[in-house]
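# Overview (structure and organization)
Chain residues, written in single-letter form:
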Amino acid sequence: MAPIRLVLPCLVVVIAVYVQQSHGYFCNRHQQIAFSRVTHTMNLVRHLVGRMNMMDKKVTAALEANRKKLVIIGHRHWHINYYQAVMQCKQRGGVLAVPRSRKESIELHAMIKKSAVKNIWMGANDMRHEGRWVDVHNRALRYTNWATRPREPNGRRRENCLNSHHFRSFRNWNDLNCHAGLHGALCRL
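Computed from a predicted model, the values in this text were never measured in an experiment.

## A look at the pattern of salt bridges
Within the structure shown, the criterion is met by three salt bridges. A salt bridge links Glu104 to Arg188; its shortest N-O distance comes to 3.1 Å. With Glu104 in helix α4 (residues 102-114) and Arg188 in strand β7 (residues 184-188), this residue pair connects regions lying 84 residues apart in the sequence. A relative accessible area of 11% places Glu104 in the buried class. For Arg139, the salt bridge identified is with Asp135, shortest N-O distance 3.3 Å. The class for Arg139 is partly exposed, based on a relative accessible area of 44%.

## Section: unusual backbone geometry
Cis geometry is found at the peptide bond from Glu152 to Pro153, where omega equals -5°. Among the structural elements, Pro153 can be located in the loop between β4 (134-135) and β5 (161-165). The backbone phi angle of Asn138 is positive, close to 65°, even though this residue is not glycine. Considering the arrangement of structural elements, one finds Asn138 in the loop between β4 and β5.

Conventions we followed
- Residues numbered from 1 in each chain as written.
- Predicted model: local features only at pLDDT ≥ 70, side-chain atom pairs only at ≥ 80, totals over all residues.
- Heavy atoms only, no water.
- Salt bridge = Lys/Arg side-chain N within 4 Å of Asp/Glu carboxyl O.
- Helix = DSSP H or I, 4+ residues; strand = E, 2+ residues; numbered from the N terminus.
- Buried < 20%, exposed > 50% of the residue type's maximum accessible area, 1.4 Å probe, protein only.

Next comes the structure, spelled out in structure tokens:
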């Protein structure tokens, strides 16, 4: 979306032209020529704003595409809490991540299967509002993969951070105390 400092002057011109056009304020040929120039300029501005919006979407998509690499960091001898996991990902230029789709969840399971790290932090919590799980950017989760046996999330106010256990066949999400020590973290770099 175009910055307000660009859009506001254009809106003023549009309103002024609309008032002149609808009330017949054109007194002479010079004003009619000026009106046509303003109309032409307005059309150019509309075109440019449209192009800017399109470019903004392309840049956002390119940034997202570059930040889609999921990486597991950690070691079986690590014991890091949720906050340390956030910092570990940040130090690597990424964020503590959470799978955003079933496809990413399947990719994560494959990565963990190959890894020595089986118990990881992921980038979501319900610290602010119990039961409202959000990612590290404070956006509501659109995809979840909570364990069903036992039914998760089940920790209420004691367990506010998201982790994933990958022992045997248990590969679903779990809520856990944010200060617990786990072996690694899922980062989106």
